[in-house]
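Structure assessment
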Amino acid sequence: MAHFEFKRLDFILTIVGLLALVVDIILDIFTAIRFYTDQDYVRLGIFIFFLVASSLLVQAYSWLWYEYDEFKMVTNVEKVPSKKSLKILHFLQLGTYLRHMGVMETAICKYLQLKGVEGMGPDLGDAAVCLSHDVAMLRIVEAFSESLPQLALMVTTNIQKKQQQQALPVIKAIASAFFASMTVMSYHRSLRSFLKDKQKQTFCSSVVYLSWNFLLISARVAALALFSSELPCYICIHFLCSWFVLLICVWCCQTNFMNSKEGEVLYRGTVALIWYFNWFNVVKGNTLWKTILYHGYILADITLLCGLWFWKINSKDLKNFNYLHLLAYVLIFFVYILGLVVKSIYYHCFHPKVTPADFKSEDETVDTVLEDSSTERVPDEPDEPGFRRIITQLDSGRAMRRGSGDKVNNRMKKLAEHFYS
């Protein structure tokens with residue numbers, strides 16, 4: 001594996017991502033206050049539920065990863081709290097922010113090294129990249145468990161109240177869509193970092209990748225918002241039924257990603273939640289037909305949701321048929337189809353063509369021995385996101401020290417191998 005490079009663009013993206021996180025927290029507070037002042041306690045409760053449930057989910061992943069890695073820290077900021085203090089931080093829903101501070105530390109140190117500042121210690125390029133892989137996955141979980149449900153709630157609120165002019169809900173909806181889109185792009189960029197000699201992602205490729213994700217997610221969220229605006233009591237039933245069906249599909253894939261049975265159950269449930277909004281690859285090998293079946297299912301579900309909404313809203317007054325409702329129905333269907341077309345264009349024109357040799361590294365043989373002899377790691381780790389494995393690894397009889405220039409997030413690497421295969 002070639003040495004990772006943490007460039008100025010990576011530093012900028014790291015700063016932008018952290019700023020987006022701060023802005024999202026501020027908007028969460030103001031949105032909750034707005035619901036409270038409007039005495040809209042039902043939506044306030046739903047809004048807080050999304051925040052709490054997402055936070056618990058993200059903190060659980062963060063704690064499990066620390067536990068799997070035997071609490072061996074890389075950055076100075078992560079070494080400050082003791083194991084007991086770290087547990088308290090996660091209990092207080094603050095553990096993930098320690099990871100963000102670690103990414104900030106490595107990013108700033110590496111940036112100063114790029115500027116030629118002396119006395120910044122060893123090269124932290126690989127550490128910065130590896131830590132950003134973990135944070136990228138945490139943001140994916142947060143985006144699909146908090147930002148997108150909040151986005152659906154904001155759109156539903158505007159439709160029901162017919163107050164599209166309200167600034168705060170609109171800003172929150174746009175921020176949620178932006179946050180979700182940027183996290184998907186950051187996650188994809190993390191995968192790209194494992195491609196030897198093919199790490200550069202052109203601006204055009206990034207725009208196309210961002211576009212098809214935005215189109216597919218927007219159409220899905222819009223359909224859910226329209227349905228819940230007219231049939232709010234049934235959206236929960238729809239989610240539970242769809243999530244259960246998707247969970248069965250995930251279970252059939254026999255994922256084996258986490259290092260414990262409990263963690264694996266949590267992981268499969270999370271993948272089913274992500275699938276509720278967008279496709280997320282968890283299967284090794286060719287996934288063409290699985291992807292086609294998934295998008296066919298979601299397209300049929302969008303058609304059903306919009307159809308029920310259209311029937312409900314027009315059954316109230318058949319004499320005054322509103323063609324704008326029909327236009328909205330067709331537009332959502334068209335946007336999803338357009339997203340699939342743009343996605344096909346991306347995979348045909350911009351998706352890197354790689355071979356197994358692109359992922360080979362100098363110490364691949366040693367890594368294989370270590371993986372076979374280790375009793376702490378799960379064999380055949382599946383193709384899923386940024387779970388950290390950047391710690392020193394020992395080969396019985398001799399220590400193989402991975403220097404600061406050789407740190408590799410092996411689980412993320414495995415995902416990249418499957419994603420680009």
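Nothing here was measured: the structure is a model prediction, and the numbers come from that model.

Re the overall build of the chain
For the chain, the helix and strand inventory stands at 14 helices and two strands. By the burial criterion, 52% of the 421 residues in the chain qualify as buried. Taking as baseline every contact in the chain between residues at least 6 positions apart, the subset at least 24 positions apart corresponds to 77%. Carbon and sulfur atoms make up 68% of the accessible area of the chain, which amounts to about 20400 Å² in all.

Some points on helix 2 (residues 41-68)
Taking 1.5 Å per residue, 28 residues should reach 40 Å; helix 2 reaches 40 Å between its end C-alpha atoms and fits that length. The positive-phi residue at the C-terminal boundary of helix 2 is E70, with phi of around 60°.

Thoughts on the pattern of salt bridges
Going through the model one piece at a time under the given rule, you end up with five salt bridges. Across the pair R34 and D38 runs a salt bridge whose closest N-O atoms are separated by 3.1 Å. Of the residues examined, R34 reaches a relative accessible area of 29% and is grouped as partly exposed. D38 gets classed as partly exposed once you look at its relative accessible area, which sits at 36%.

Observations regarding the nonpolar core
Across soluble globular proteins, nonpolar side chains have a tendency to be buried as a group. Of all hydrophobic cores here, the largest spans 66 residues; its most connected members are F144 and W275. Mapped by element, the contributors of at least two residues to this core are helix 2, helix 6 (125-161), helix 7 (167-192), helix 8 (203-230), helix 9 (235-252), helix 10 (261-275), helix 11 (288-314) and helix 12 (323-349). Per-element tally for this core: the top contributor is helix 8, with twelve residues. In this view, W275 contacts L246, C249, V250, C253, F280, V282, Y294 and I298; residues no more than four positions away in its chain are not counted.

A word on empty space enclosed by the protein
Summary: where empty space remains is shown by rolling a probe the size of a single water molecule over the atoms. Using the criterion set out here, one finds two cavities of 30 Å³ or more in the structure. Put simply, the second largest cavity is a space of about 30 Å³. Taken together, E78, R99, V103, L131, D134 and V135 make up the lining of the second largest cavity. Going through the elements one at a time, helix 5 (95-114) and helix 6 are the ones with two or more residues in the lining of the second largest cavity. Ranked by residue count, the leading element in the lining of the second largest cavity is helix 6, at three residues. Of the residues contributing to the lining of the second largest cavity, the split by class is three nonpolar, no polar and three charged.

Concerning the packing of helix 9 against helix 10
The interhelical angle for the contact between helix 9 and helix 10, taken along N-to-C directions, is 125°, at an axis separation of 8 Å. By the angle between their axes, helix 9 is oblique relative to helix 10. For the crossing formed where helix 9 meets helix 10, the hand is right-handed. Every residue of helix 10 that contacts helix 9 at F239, W243, L246, L247, C249, V250 and W251 is listed here: V265, R268, G269, V271, A272, L273 and W275. Partitioning the contact of helix 9 with helix 10 into residue classes produces twelve nonpolar, one polar and one charged.

Some thoughts on the environment of G263
With respect to the element layout, G263 can be found in helix 10. Taking the C-alpha atoms as reference points, G263 and Y61, 202 residues apart in sequence, are found 8.1 Å from one another. In this structure, G263 is in contact with L64, Y68 and M258, ignoring residues within four places of it in sequence.

Description of a nonpolar patch on the surface
On the surface, V22, I25, I26, I29, F30, I33, I88, F91, L92, L94 and Y97 cluster together into a nonpolar patch covering about 1000 Å² of accessible area. Counting residues per element, the ones that place at least two in the nonpolar patch are helix 1 (8-37) and helix 4 (83-91). The leading source of residues in the nonpolar patch is helix 1, at six residues. Along the polypeptide, I25 turns up in helix 1. Using a relative accessible area of 33% as the deciding quantity, one classes I25 as partly exposed.

Quick notes on helix 8
If you check helix 8, its first and last C-alpha atoms are 41 Å apart, about what 28 residues at 1.5 Å a residue would give, namely 40 Å. Burial analysis of helix 8 places 20 of its 28 residues in the buried class, the great majority of the element.

Focus on the environment of F144
Tracing the backbone through its elements, the reader meets F144 in helix 6. Other than its neighbours up to four places away in sequence, F144 contacts P149, V184, I217, L273, I274, F277 and N278.

With respect to the packing of aromatic side chains
A ring pair, where both rings are aromatic, is described by two values, the distance of the centres and the angle of the planes. The tally for this structure, following the rule as stated, stands at 17 aromatic pairs. Taking the centre distance of 6.2 Å and the plane angle of 55° together, the rings of F49 and F50 count as tilted. We classify F50 as buried; its relative accessible area is 18%. Ring centres 5.2 Å apart and planes at 65° place the aromatic pair Y209 and Y346 in the edge-to-face group. With a gap of 137 residues between them, Y209 in helix 8 and Y346 in helix 12 connect regions that are remote in the sequence. The pair formed by Y209 and Y346 is uniform in burial state, with each residue classed as buried. One aromatic cluster is present, formed by F144, F239, Y276 and F277 through successive ring pairs. Here the basic side chain of R99 rests over the ring of Y66, its NZ or CZ set 3.9 Å away from the ring centre. Directly above the ring of W251 sits R268, whose terminal nitrogen or CZ lies 4.6 Å from the centroid.

A closer look at the side chain of H100
As for its position among the elements, H100 is in helix 5. For H100, a relative accessible area of 9% puts it in the buried group.

About the criteria used
Residues numbered from 1 in each chain as written. Predicted model: local features only at pLDDT ≥ 70, side-chain atom pairs only at ≥ 80, totals over all residues. Heavy atoms only, no water. Helix = DSSP H or I, 4+ residues; strand = E, 2+ residues; numbered from the N terminus. Buried < 20%, exposed > 50% of the residue type's maximum accessible area, 1.4 Å probe, protein only. Contact = heavy atoms within 4.5 Å. Areas by Shrake-Rupley, 256 points an atom, 1.4 Å probe, with all protein chains shown as cover. Expected span 1.5 Å × (residues − 1). Salt bridge = Lys/Arg side-chain N within 4 Å of Asp/Glu carboxyl O. Core = buried A, V, L, I, M, F, W, Y, C linked by side-chain atoms within 4.5 Å. 1 Å grid on protein atoms, 1.4 Å probe; cavity = no way out; pocket = protein on both sides within 12 Å on 5 of 7 lines; lining within 4 Å. Points joined across faces, edges and corners; volume = space filled by probe spheres on them. Nonpolar A, V, L, I, M, F, W, Y, C, P; charged D, E, K, R; others polar. Axes fitted to C-alpha atoms, helices over the stretch in contact; angles between N-to-C directions. Parallel < 35°, antiparallel > 145°, perpendicular 65-115°, else oblique. Left-handed = near helix turned anticlockwise from the far one by under 90°. Patch = residues over 30% accessible without salt bridge, like charges linked within 9 Å, V, L, I, M, F, W, Y side chains within 5 Å. Phe/Tyr/Trp six-rings, centres within 6.5 Å; stacked < 30°, edge-to-face > 60°. Lys NZ or Arg CZ within 6 Å of the ring centre and 35° of its normal.

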